[in-house]
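As a plain string of letters, each chain reads:
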Amino acid sequence: MSIDNSKHYFSSDFKLGILGGGQLGKMLLYETRKFDIHTVVMDASEDAPCKIACNEFVLGNLMDFDAVYNLGKQVDVLTIEIENVNVDALEKLEEEGIKVFPPTKALRIIQNKAQQKLFYVDKGIPTAEFHRFAYKSEIEDSIANGGMDFPFIWKAARFGYDGQGVKVVRKLEDLNGLPDGECIAEELIDFKNELAVIVARSVSGEVKTYPVVEMEFHPEANQVEYVICPARIDTKVAQKAQEIALLVADKIKHVGLLAVELFQTQDDKILVNEVAPRPHNSGHYSIEASYTNQFEQHIRAILDLPMGNTRSKVAGIMVNLVGAEGYTGDVVYENMTDILKLEGVTPHIYGKKHTRPFRKMGHVTIVNADVDEARKIAQQVKETIKVISK
């Protein structure tokens, strides 16, 4: 017999804690407000986008043990919208009976890219070849001794996000200016496509996957420019991508949403690039295009409610709105009315008052019955709207 959880969560004294007050948290809060779930959010910034939408806002450093622990003691379930949080505090909370999702065992693996890669190798999950280094200087030694060749991808083991902490290294000089701590050097894959699959896994083990999406990246910023759903790939390749994403979620024993980023090689092999244990940029299209969007699904998963339908109603394309190069200061969204005239276009503005080059300031979703038509409109949106400063 299934447990009816509805009496525990909706319009009750139950409290959901969210670590991180950025745009992902803000979009999670659209769903908690829909269900009337009481939320307590902690972020280090007074201007956090979440502040306007949560029931309680706590100012605090997500890497500080006491701040995270004290927040956790105020809530019944604790989740994250960013993985750079104090896991020791989360572990202590788990030991004391607070439900923490994703579980800290999964989070410890995911937080460190070197650990993440070692986990894939250990579990037989296909991934690019890599070397692990305690210090950047060890890379130079390895190159000098013939242990490694150019080109390769340098990745910081910790605290990388939105293209930060990742660099293509084609010559020795490219290592200049990179931080000296733990890192990995990864084989540069000649890929046909970058793909992603979002897997939702509930507390009791119910699993759903979203359709495979295709990601187009900005060549310089190493940020996603477009997410296209469905991916324009062969059905066998899509099936393989889904299977590998499910394998990762199963092996890591994840609860909540897990975004699995993948490479499709020239000979149609699927390799895991990296994962994110939370709602993800690659799933933003789902707010307009899916029966159950990724944010609602995360809430369902961590509260052990039945999983929603992950199919798309229509094709969806997401365009990231990032700060234009050469502009820093109070943000202005130029030509917004022009994109609102276009069919199937919905902008999401994150509430960050200050722009800087390549900072994620919002996104725009384009929905259309025809994915190719949606892609054309997405191009028009990208060329029209400008995120500049006063």
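Everything numeric in this text was worked out from a predicted model, so none of it was measured. (Residues numbered from 1 in each chain as written. Predicted model: local features only at pLDDT ≥ 70, side-chain atom pairs only at ≥ 80, totals over all residues. Heavy atoms only, no water.)

J.: Describe the packing of helix α2 (residues 23-35) against helix α10 (residues 294-302), naming the residues involved and giving the relevant values.
T.: Where α2 meets α10, the closest approach of the two axes is 8 Å, and the angle between their N-to-C directions is 65°. With respect to α10, the element α2 is oriented roughly perpendicular. Of the two elements, α2 crosses α10, and the hand of that crossing is right-handed. Facing Leu 24, Met 27, Leu 28, Glu 31, Thr 32, Lys 34 and Phe 35 of α2, the residues of α10 in contact are Phe 295, Glu 296, His 298 and Ile 299. (Axes fitted to C-alpha atoms, helices over the stretch in contact; angles between N-to-C directions. Helix = DSSP H or I, 4+ residues; strand = E, 2+ residues; numbered from the N terminus. Parallel < 35°, antiparallel > 145°, perpendicular 65-115°, else oblique. Left-handed = near helix turned anticlockwise from the far one by under 90°. Contact = heavy atoms within 4.5 Å.)

J.: Run through the sheet that holds strand β21 (residues 386-389), naming residues and quoting values.
T.: Within the open sheet, the 3 strands sit side by side as β19-β17-β21. Their pairing is antiparallel. In this open sheet, the two edge strands, each paired with only one partner strand, are β19 (354-355) and β21. (Pairing = 2+ DSSP bridges.)

J.: Now, about the pattern of salt bridges: what can you tell me, with residues and values included?
T.: This model, assessed by the stated rule, comprises 24 salt bridges. A salt bridge links Lys 117 to Glu 186; the nearest nitrogen and oxygen atoms lie 2.7 Å apart. Pair noted here: Lys 117 is in helix α6 (residues 113-122) and Glu 186 is in strand β9 (residues 183-187), with a separation of 69 residues, a long-range link. On the accessibility criterion, Lys 117 (2% relative accessible area) is buried. Salt-bridge contacts for Asp 268 lead to Lys 192; the nearest nitrogen and oxygen are separated by 2.8 Å. Of this pair, Asp 268 sits in the loop between β14 (256-265) and β15 (270-276) while Lys 192 sits in strand β10 (residues 191-201); the two residues are 76 residues apart in sequence, bridging distant segments of the chain. Each of the salt bridges in this network shares a partner with another, and the network as a whole consists of Lys 113, Lys 117, Lys 155, Glu 186 and Glu 274. (Salt bridge = Lys/Arg side-chain N within 4 Å of Asp/Glu carboxyl O. Buried < 20%, exposed > 50% of the residue type's maximum accessible area, 1.4 Å probe, protein only.)

J.: Please provide a residue-by-residue account of the sheet that holds strand β7 (residues 152-156), values included.
T.: Strand pairing within a sheet occurs via backbone hydrogen bonds; the two strands may be parallel or antiparallel. Strand order in the open sheet formed by 4 strands is β6-β9-β7-β8, with antiparallel pairing between adjacent strands. For this open sheet the edge positions go to β6 (130-133) and β8 (166-169), each flanked by a neighbour on one side alone. Neighbour to neighbour, the strand axes of the sheet diverge by 20° on average, direction disregarded. Bridge analysis of β7 against β8 gives 4 bridges, and the strand direction is antiparallel. Bridge pairing in β8 links Lys 155 to Val 166. Each of β6, β7 and β9 is contacted by α6, which is oriented at about 140° to β6, the strand it contacts most.

J.: How would you summarise the packing of aromatic side chains if you had to cite specific residues and measurements?
T.: For the coordinates displayed, the defined rule picks out 6 aromatic pairs. Ring centres 4.7 Å apart and planes at 70° place the aromatic pair Tyr 9 and Phe 14 in the edge-to-face group. An identical accessibility class is assigned to Tyr 9 and Phe 14; each is buried. Ring plane angle 15° and centroid distance 5.1 Å describe the contact between Phe 191 and Phe 263, whose orientation is recorded as stacked. Taken together, the positions of Phe 191 in strand β10 and Phe 263 in strand β14 put the pair 72 residues apart, joining distant regions of the chain. Positioned above the aromatic ring of Tyr 291 is the side chain of Lys 313, whose terminal nitrogen or guanidinium carbon lies 5.9 Å from the ring centre. When the ring centre of Tyr 226 is taken as reference, the NZ or CZ atom of Arg 375 above it lies at 4.0 Å. (Phe/Tyr/Trp six-rings, centres within 6.5 Å; stacked < 30°, edge-to-face > 60°. Lys NZ or Arg CZ within 6 Å of the ring centre and 35° of its normal.)

J.: Tell me about the nonpolar core, and please be specific about residues and values.
T.: Grouped together as the largest cluster of nonpolar side chains are 25 residues, with contacts concentrated most on Leu 262 and Val 272. No other element matches the 8 residues that helix α8 (residues 235-252) contributes to this core. Those residues in contact with Val 272, other than ones at most four positions away along the chain, are Tyr 120, Ile 125, Pro 126, Thr 127, Ala 128, Ile 244, Val 248, Val 260, Glu 261 and Leu 262. Leu 24, Val 41, Cys 50 and Ile 299 belong to the second largest nonpolar core, which has 23 residues in total. (Core = buried A, V, L, I, M, F, W, Y, C linked by side-chain atoms within 4.5 Å.)

J.: I'd like a rundown of the environment of Val 381, residues and numbers included.
T.: You can see Val 381 is positioned in helix α12 (residues 371-384). Val 381 sits in the buried class, given a relative accessible area of 0%. Remark: the alpha-carbon pair of Val 381 and Ala 276, spanning 105 residues in sequence, is separated by 27 Å. Those residues in contact with Val 381, other than ones at most four positions away along the chain, are Ile 339, Leu 342, Val 345, Val 364 and Ile 366.

J.: Account for the pairing of β7, naming residues and giving values.
T.: Judged by how many residues are buried, β7 sits mostly within the fold: 5 of 5 residues are covered. Burial along β7 is two-sided: the residues Phe 152, Trp 154 and Ala 156 and Ile 153 and Lys 155 are all buried.

J.: Which residues make up the environment of Pro 179, and what values do they have?
T.: By the secondary structure assignment, Pro 179 is in the loop between β8 and β9. Along the primary structure Pro 179 and Ala 156 are separated by 23 residues, whereas in three dimensions their C-alpha atoms are 7.8 Å apart. If we skip the residues at most four places from it in the chain, Pro 179 touches Lys 136 and Trp 154.

J.: Tell me about a negative patch on the surface, and name the residues and values.
T.: Residues Glu 343, Asp 370, Asp 372 and Glu 373 make up a contiguous surface patch of negative charge. Along the polypeptide, Asp 372 turns up in helix α12. The class of Asp 372 is partly exposed, set by a relative accessible area of 44%. (Patch = residues over 30% accessible without salt bridge, like charges linked within 9 Å, V, L, I, M, F, W, Y side chains within 5 Å. Areas by Shrake-Rupley, 256 points an atom, 1.4 Å probe, with all protein chains shown as cover. Lys, Arg positive; Asp, Glu negative; His and termini not counted. Charge placed at Lys NZ, Arg CZ, Asp CG, Glu CD.)

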